[in-house]
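Below, each chain spelled out in residue letters.
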Amino acid sequence: MIINIWFTRAKIEINNMQCREKQVRPSFFVCRRMKITGSSGDRERIAIFVPNGRDMEEFIKKMREAYPVSDGALQLFLRHTERVTLPKGHLLIRDGVVEKYSYFIVRGFARGFLYRDGKDATIWFATAGMSLLSMNAYLFRSSGYENVELLEECDLLKISNETLDGLFEKEVELANWGRRMSDRIILRMERLFVERYFLTAAERYRLLVEREPEILQKAPLRDIASYLGISQVSLSRIRSGVQ
């Protein structure tokens, strides 16, 4: 039998109870303990896996750009996550619900939005390397105010808020990484708030083109207009050069 999980087999491949050595990249690894039952009785093996594909390597690169976590801290974090793939249009987080899980994007694109009185307002976009969570649920274990929609098929790391808190308390490197991630979110929201007050819609659009071109490639115009705080008609005029 061959054991497959969401990490590519690297150090040990179990095939009819035979183990074969394979070369691994030492920078990226996760250890998992396995109990194997065979004719000679129960045996235990430590299997070492490397993350599956370039998407995961890119996620780890972005994780370390926020804070240079060591291999040990990285292994600890990945060992407590579950990798899930969800379709475009999936509503990952809903307002009014006490969400139990947080997510990190390995591959994909999503948006956060508010929905009140039949109106939909996009408040942020997220891409690979970023987090998806309900702030109220994570910080206060109370119902959230935001919704999170996947704008394309997403490959995510899923972890319970309770487990994530425990990792931050146990491992200072992960706590520092989480703090840096939070700092980036706060800075981004503050910048958006200030620009809404002091820049014209055309100026805000030009900054979006310069800073985050991926949004223009992947998000519907209605969501981009909502994010900029203007109507879709106004956005079309700006895009066509009509002020």
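Parameters at a glance
- Residues numbered from 1 in each chain as written.
- Predicted model: local features only at pLDDT ≥ 70, side-chain atom pairs only at ≥ 80, totals over all residues.
- Heavy atoms only, no water.
- Helix = DSSP H or I, 4+ residues; strand = E, 2+ residues; numbered from the N terminus.
- Buried < 20%, exposed > 50% of the residue type's maximum accessible area, 1.4 Å probe, protein only.
- Contact = heavy atoms within 4.5 Å.
- Areas by Shrake-Rupley, 256 points an atom, 1.4 Å probe, with all protein chains shown as cover.
- Axes fitted to C-alpha atoms, helices over the stretch in contact; angles between N-to-C directions.
- Left-handed = near helix turned anticlockwise from the far one by under 90°.
- Nonpolar A, V, L, I, M, F, W, Y, C, P; charged D, E, K, R; others polar.
- Pairing = 2+ DSSP bridges.
- Core = buried A, V, L, I, M, F, W, Y, C linked by side-chain atoms within 4.5 Å.
- Salt bridge = Lys/Arg side-chain N within 4 Å of Asp/Glu carboxyl O.
- Phe/Tyr/Trp six-rings, centres within 6.5 Å; stacked < 30°, edge-to-face > 60°.
- Lys NZ or Arg CZ within 6 Å of the ring centre and 35° of its normal.

J.: Which residues make up the overall build of the protein chain, and what values do they have?
T.: Counting its secondary structure elements, the protein chain contains 9 helices and 13 strands. For the protein chain, the proportion of its 243 residues judged to be buried stands at 41%. Intrachain contacts of the protein chain at a sequence separation of at least 6 include 65% that bridge at least 24 residues. For the protein chain, the accessible surface area stands at approximately 13600 Å², while carbon and sulfur atoms represent 51% of it.

J.: If you had to explain the packing of helix α6 (residues 201–211) against helix α8 (residues 221–228) to someone new, which residues and values would you point to?
T.: For the pair α6 and α8, interaxial distance at closest approach is 10 Å and the crossing angle is 120 degrees. Our pair here, α6 against α8, has a crossing hand that is right-handed. Judged by residue contacts, Arg-204, Tyr-205 and Leu-208 of α6 engage Ile-224, Tyr-227 and Leu-228 from α8. Partitioned by chemical class, the residues of the contact of α6 with α8 number 5 nonpolar, no polar and 1 charged.

J.: Help me get a handle on the sheet that holds strand β6 (residues 82–86), residues and values and all.
T.: Here 4 strands make up an open sheet; going across it, the order is β6-β13-β8-β11 and the pairing antiparallel. Each having just a single partner strand, β6 and β11 (131–132) make up the two edges of the open sheet. As paired elements, strand β8 (residues 101–107) and strand β13 (residues 154–160) share 6 bridges and run antiparallel to each other. Residue pairing across strands places Ile-105 opposite Leu-156, the latter belonging to β13. Its contacts with the sheet put helix α1 (residues 53–66) on β6, β8 and β13, and the angle it makes with β8 is roughly 115 degrees.

J.: So what's going on with the nonpolar core? Which residues, and what values?
T.: By size, the foremost hydrophobic cluster in this structure holds 23 residues, and its most contacted members are Phe-59, Phe-77, Phe-104, Leu-174 and Trp-177. Those elements that place two or more of their residues in this core are α1, α2 (71–79), β8, β13, α4 (161–170) and α5 (172–198). In this structure Phe-59 touches Phe-77, Phe-104, Ile-105, Val-106, Gly-129 and Leu-157, once residues within four positions along its chain are discounted. In terms of nonpolar packing, the next biggest core, distinct from the first, is built from 16 residues, Phe-109, Leu-151, Ile-224 and Tyr-227 among them.

J.: Account for the pattern of salt bridges, naming residues and giving values.
T.: For side chains bearing opposite charge, pairing can occur when the charged atoms are close. Overall, the coordinates contain 15 salt bridges when judged by the stated rule. Lys-218 is the partner of Glu-152 in a salt bridge, and the nearest nitrogen-oxygen pair spans 3.4 Å. Here the residue Glu-152 occupies a position in the loop between β12 (147–150) and β13, and Lys-218 occupies one in helix α7 (residues 213–218), the gap between them amounting to 66 residues. What makes Lys-218 partly exposed here is its relative accessible area of 31%. Each of Arg-111, Asp-120, Glu-149, Arg-222 and Asp-223 takes part in salt bridges that share partners, so that together they form one network.

J.: Residue-level account of the environment of Ser-236, with values.
T.: As for its placement among the helices and strands, Ser-236 is situated in helix α9 (residues 232–239). When the C-alpha atoms of Ser-236 and Ala-225 are compared, they prove to be 8.9 Å apart, with 11 residues separating the residues in sequence.

J.: Lay out the packing of aromatic side chains in plain terms, naming residues and giving numbers.
T.: Using the criterion set out here, one finds 6 aromatic pairs in the structure. Arranged with centres 5.3 Å apart and planes meeting at 35 degrees, the rings of Phe-104 and Trp-177 form a pair that is tilted. On the criterion of sequence distance, the pair formed by Phe-104 in strand β8 and Trp-177 in helix α5 is long-range, its members being 73 residues apart. Members of the aromatic cluster, each reached through a chain of ring pairs, are Phe-77, Phe-104 and Trp-177. Between Arg-111 and the ring centre of Phe-113, over which it is positioned, the NZ or CZ distance is 4.1 Å. Positioned over the ring face of Tyr-101 is Lys-158, at 4.3 Å from the centre of the ring.

J.: So what's going on with the environment of Phe-168? Which residues, and what values?
T.: Assignment of secondary structure puts Phe-168 in helix α4. For the pair formed by Phe-168 and Phe-77, sequence separation is 91 residues and the distance between their alpha carbons is 9.6 Å. The contacts of Phe-168, once residues within four sequence positions are left out, are Tyr-138, Leu-174, Ala-175, Trp-177 and Gly-178.

J.: Let's hear about the sheet that holds strand β7 (residues 91–93): which residues, and what values?
T.: A sheet is described by the order of its strands in space; here 4 strands give the open sequence β7-β12-β9-β10, paired in antiparallel fashion. Strands with a single pairing partner mark the edges of an open sheet, and in this sheet they are β7 and β10 (119–127). Ignoring which end each strand starts from, the neighbouring axes of this sheet average 35 degrees apart. One ladder, built from 4 bridges, connects strand β9 (residues 109–116) with β12; its direction is antiparallel. Looking across to β12, one finds that Ala-110 is bridged to Leu-150. Against the sheet, α8 touches β9 and β10, its axis set at about 95 degrees to β10.

So, to be careful, I would describe these as geometric facts and stop short of saying anything about function.
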